[in-house]
Amino acid sequence: MLPYLWVLVSICATTLATPSSWSPDVQQLFGDSMKWLDMNYDSKDGYLYDLNTQEALRHETRSSAWYALGLLARNENNDVAEAEKIIGNVIGGQFKNTTQQWYGTYQKYPEEPEVGSPLYAAKIYSSWDPNWRGFVGTTFIIILEEYSELLSAETQQLILDSLVHTAIGDSYRNGGQNGDNLYPSYSNPAIMRAFVSGWVGRKTNDQNMTSAGETYANEIIALFNKTDTLSEFNSATYTGVSVFGLTLWSSYLPEDSAMSQMGPVMLQKTWDAISQLWHPTMKNMAGPWDRTYGYDMNRYVSIMALWFWAYLGRDASSLINQPHLMSHSPDYAWGPLVAVLADTQAKHLPDNFFNQFKTFDKERTFTAQAYYPPYDLEIRNLTTWMSEKLTIGGMSYNQTSVGGPAGTTNPVVVQWITDQEIAFLTLRPSEKALQAEVSPGKVVLSYPSGNADSKFQFIATTFKGRKTLAGIKHMQGISMTPSGNINMAYVTKFAGDNGGELSPSNTFEYWSFTWSMPSGFTGVPQLTLEFEVS
Ligand SMILES: *[C@@H]1O[C@H](CO)[C@@H](O)[C@H](O)[C@H]1NC(C)=O
Ligand SMILES: *[C@@H]1O[C@H](CO)[C@@H](O)[C@H](O)[C@H]1NC(C)=O
Ligand SMILES: *[C@@H]1O[C@H](CO)[C@@H](O)[C@H](O)[C@H]1NC(C)=O
Ligand SMILES: *[C@@H]1O[C@H](CO)[C@@H](O)[C@H](O)[C@H]1NC(C)=O
Ligand SMILES: *[C@@H]1O[C@H](CO)[C@@H](O)[C@H](O)[C@H]1NC(C)=O
């Protein structure tokens, strides 16, 4: 009897992803983020309070689902009961009317009026969020894959039924229709959609749903194959979601799936690019950035930073000891997801892969291409020069709208190390096309369809060592020399919480430098910036 018992126990121990088997860094990420989430939990209502503080104690759905996963992973005291309560609440708030565009997604918060009622219009990415199907749906799948034996049969069935609504509702999405923007190029939700459809289809023997997931995955893969990069490229937040999704592709689908076949390849290539762009001394991913919620990863929470915490330790990541005080802190609620999947993802990467992230080894120039149709009319070309104290990244593009798909592209990013901070200078997009040529210490910018009204506006860090700037000469730790056919007399402004002509961006106060063209200008506007760190 005894050997049998032992086998049983050891099977149970290996089927549950339990914190005690994780590395000390992953355990710390898990423990710290859960401690913070515990403090934000309202057991009476079975939801987390909204993690954006000062929301008059309203609750929030998506982070509650992430917390439920954390509770199951921890499995102490009444954790499992609380998780079941949250799961019941989240699913109770799922939209179940199949005729509505928001069918299958989850209400954003339980106090919300009925979406689409006379005084509360249905507004995509506002009163309802189409991507929450993917965020909550993937979390539910991890729960079923890793922790179903902790859950009652009723809760397991409830989750599976909810996932069917999620998968069908997500199939309503079509980029360019009804205000939706889900194209296969919108990498992070596209990857989640394909996965949820492929997984739920197999689980429920719905061949149509399975092949819908596979077909969508193949569109994502075909795009990836063009450039060996995700269309939504280099974002400290969203690359973190995409590698999460690719980990699901690689881990929870059978061998006959295009996702399980290509997931590991895409994961590896995506991480290879990250390894080139990560600057261990600056603790930043160098630019250009497709989308960002801040300008220095040491001051805002990003999902990539949570992965770095898992693999490099918190001190080597860009997070401070109290991540909940940083900008964009609600993303700290990703802690449990990252912890639960950290070992799973690492299995798809080479042994000791993360050693190369620990020290800045050599000056280098990284090049890549990325392609995000239909917004990109041509493949984008990205170049990033990395040195010990200075990085310069730029991208050439030709797009259908200013600022790219999400309007938050930072096409030229310079970062450097001063005595007191990681400084940044980034170009505000103002034209649909830009050519950026990066070489050591230098970037040459031109607007191929520019004219006399063209502008080059940069936003730059505030400096602890010099609080009041009158111009570029006062930037700390660097000298910057502009040249070109611009009007050399640029305009300086300040963006502050309490004053200055402009308002902060992503909560970062900044200085703005804007070059215009001489009056009566004709030709291609061109600006060269040369940098030297002091
Ligand atoms: C479902 O939504 C449609 C369109 O908004 C509405 O006309 C219908 O009454 C709803 N059905 C139910 C059962 O609420
Ligand atoms: C099959 O799946 C597609 C895409 O998800 C969906 O549009 C279609 O309605 C489904 N058909 C059936 C019969 O379920
Ligand atoms: C993508 O490229 C891989 C080779 O790396 C190939 O096996 C696969 O069939 C390609 N898939 C698509 C959809 O283009
Ligand atoms: C990027 O480079 C390719 C050649 O490799 C070129 O065809 C394309 O037009 C370039 N894109 C832009 C926006 O300049
Ligand atoms: C952008 O691409 C379109 C379509 O290929 C082309 O007509 C246009 O000339 C390009 N713009 C620039 C500035 O290269």
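Residues numbered from 1 in each chain as written. Chains lettered and ligands numbered in written order. Predicted model: local features only at pLDDT ≥ 70, side-chain atom pairs only at ≥ 80, totals over all residues. Heavy atoms only, no water.

Asker: How should I be thinking about the environment of Tyr332 in this particular structure?
Answerer: You can see Tyr332 is positioned in the loop between helix H11 (303-312) and helix H12 (335-346). In this structure the C-alpha to C-alpha distance between Tyr332 and Ser21, which are 311 residues apart in sequence, comes to 22 Å. If we skip the residues at most four places from it in the chain, Tyr332 touches Asp32, Ser33, Trp36, Val301, Leu306, Trp309, Pro323 and His324. (Helix = DSSP H or I, 4+ residues; strand = E, 2+ residues; numbered from the N terminus. Contact = heavy atoms within 4.5 Å.)

Asker: Is there a simple way to explain the sheet that holds strand S1 (residues 41-42) in this structure?
Answerer: Where strands meet in a sheet, backbone hydrogen bonds hold them as pairs that are either parallel or antiparallel. An order of S1-S2-S3 is seen for the three strands of this open sheet, with the pairing classed as antiparallel. Among the strands making up the open sheet, the edge pair consists of S1 and strand S3 (59-60). Strands in contact with helix H3 (residues 61-74) are S1, strand S2 (47-49) and S3; relative to S2, the strand with the most contacts, it is inclined by about 120°. (Pairing = 2+ DSSP bridges. Axes fitted to C-alpha atoms, helices over the stretch in contact; angles between N-to-C directions.)

Asker: Sorry if this is basic, but what is going on with the pairing of strand S10 (residues 422-428) here?
Answerer: Two faces make up the sheet, and in a regular strand the side chains alternate between them. For S10, the buried fraction is high: six of the seven residues fall into the buried class. With five bridges joining them, strand S9 (residues 412-417) and S10 adopt antiparallel strand pairing. Each residue of the ladder has a partner; that of Val413, found in S10, is Thr426. With antiparallel pairing between neighbouring strands as the criterion, S9 and S10 make up a hairpin whose turn holds four residues. (Buried < 20%, exposed > 50% of the residue type's maximum accessible area, 1.4 Å probe, protein only.)

Asker: Looking at this structure, how should I read the domain arrangement of the protein chain?
Answerer: How big an interface is tends to be reported as the loss of accessible area on association of its parts. Examined at the domain level, the protein chain breaks down into domain 1 (24-357) and domain 2 (364-533). The C-alpha-based centres of domain 1 and domain 2 are spaced at 31 Å. The interface of domain 1 with domain 2 comprises 37 residues on the first partner and 43 residues on the second. Approximately 3200 Å² of surface area, both sides summed, lies buried where domain 1 meets domain 2, with 62% of it carried by carbon and sulfur atoms. Ranking the residues of domain 1 by area buried against domain 2 places Met282, Pro288 and Tyr295 at the top, with a combined share of 25%. In this assembly, domain 1 and domain 2 are joined by one salt bridge. For the pair domain 1 and domain 2, the number of links is 17 residue pairs in polar contact (both at pLDDT 80 or more). Mapped onto the side of domain 1 that touches domain 2, the elements with two or more residues apiece are helix H8 (207-227), helix H10 (258-277), strand S4 (278-279) and strand S5 (284-285). Considering every element that reaches the side of domain 1 that touches domain 2, the biggest residue donor is H10, with four residues. (Domains from an automatic or database assignment. Buried area = accessible area lost by both parts, 1.4 Å probe. Salt bridge = Lys/Arg side-chain N within 4 Å of Asp/Glu carboxyl O. Polar contact = N/O pair within 3.5 Å; in protein donor to acceptor, adjacent residues only side chain to side chain.)

Asker: Honestly, the pattern of salt bridges in this entry has me stumped. Any pointers?
Answerer: A side chain of one charge can pair with a side chain of the opposite charge if their charged atoms are brought near each other. For the structure on display, the rule yields 18 salt bridges. With a shortest N-O distance of 2.9 Å, Arg291 and Glu232 are connected by a salt bridge. Residue Arg291 is found in the loop between S5 and H11, and its partner Glu232 is found in the loop between H8 and helix H9 (238-251); the two are separated by 59 residues along the sequence. Considered together, Arg291 and Glu232 belong to a single accessibility category, that of buried residues.

Asker: How should I be thinking about the site of ligand 3 in this particular structure?
Answerer: Near ligand 3 you find Asn218, Ile221, Ala222, Asn225 and Met262, and these make up its full shell. In this structure, an oxygen atom belonging to ligand 3 sits 2.4 Å away from a side-chain N or O atom of Asn225. Computed on the free molecule, ligand 3 has an accessible area of 360 Å², of which 42% lies beneath the protein chains in the complex. No other element matches the four residues that H8 contributes to the shell around ligand 3. Taken together, the residues of the shell around ligand 3 break down into three nonpolar, two polar and no charged. (Near = heavy atom within 4 Å. Areas by Shrake-Rupley, 256 points an atom, 1.4 Å probe, with all protein chains shown as cover. Nonpolar A, V, L, I, M, F, W, Y, C, P; charged D, E, K, R; others polar.)

Asker: I keep staring at the packing of helix H5 (residues 132-147) against helix H7 (residues 187-203) and nothing clicks. Help me out?
Answerer: Each packed pair of helices is defined by two parameters, the angle between the axes and the distance between the axes. Packing of H5 against H7 leaves a shortest axis separation of 9 Å and a crossing angle of 45°. Taken together, H5 and H7 sit at an angle that is classed as oblique. Regarding H5 and H7, the two cross each other, and that crossing is left-handed. For the pair formed by H5 and H7, the contact residues are Gly134, Phe135, Gly137, Thr138, Ile141, Leu144 and Glu145 on the first element and Asn188, Met192, Phe195, Val196, Trp199 and Val200 on the second. When grouped by side-chain class, the residues that make up the contact of H5 with H7 number eight nonpolar, four polar and one charged. (Parallel < 35°, antiparallel > 145°, perpendicular 65-115°, else oblique. Left-handed = near helix turned anticlockwise from the far one by under 90°.)

Asker: Just checking my understanding: could you explain the nonpolar core for this structure?
Answerer: Side chains that are nonpolar tend, in soluble globular proteins, to be buried together. Trp249 and Trp271 are the most contacted members of the largest nonpolar core, which has 116 residues in total. Considering every element that reaches this core, the biggest residue donor is H11, with 10 residues. Counting the residues that make up this core, at least three belong to each of domain 1 (24-357) and domain 2 (364-533). Core analysis: the second largest hydrophobic core is formed by 45 residues, Ile392, Leu427, Tyr447 and Ala460 among them. (Core = buried A, V, L, I, M, F, W, Y, C linked by side-chain atoms within 4.5 Å.)

Asker: How do you make sense of the site of ligand 5 when you look at a structure like this?
Answerer: Taken together, Leu377, Glu378, Asn398, Ala433, Pro448 and Ser449 are the residues near ligand 5. Asn398 is positioned such that a nitrogen or oxygen atom in its side chain is 2.3 Å from an oxygen atom of ligand 5. Starting from 360 Å² of accessible surface for ligand 5 in isolation, the protein chains cover 43%. For the shell around ligand 5, a count of residues per class yields three nonpolar, two polar and one charged.

Asker: Would you mind going over H12 with me for this structure?
Answerer: Given 3.6 residues per turn, any residue in an α-helix points the same way as the ones three and four places further on. The terminal C-alpha atoms of H12, which comprises 12 residues, lie 16 Å apart, in line with the 16 Å expected from a rise of 1.5 Å per residue. In terms of burial, H12 is a largely internal element, 10 of the 12 residues being buried. For H12, the complete set of buried residues consists of Gly335, Pro336, Leu337, Val338, Ala339, Val340, Leu341, Ala342, Thr344 and Gln345. (Expected span 1.5 Å × (residues − 1).)

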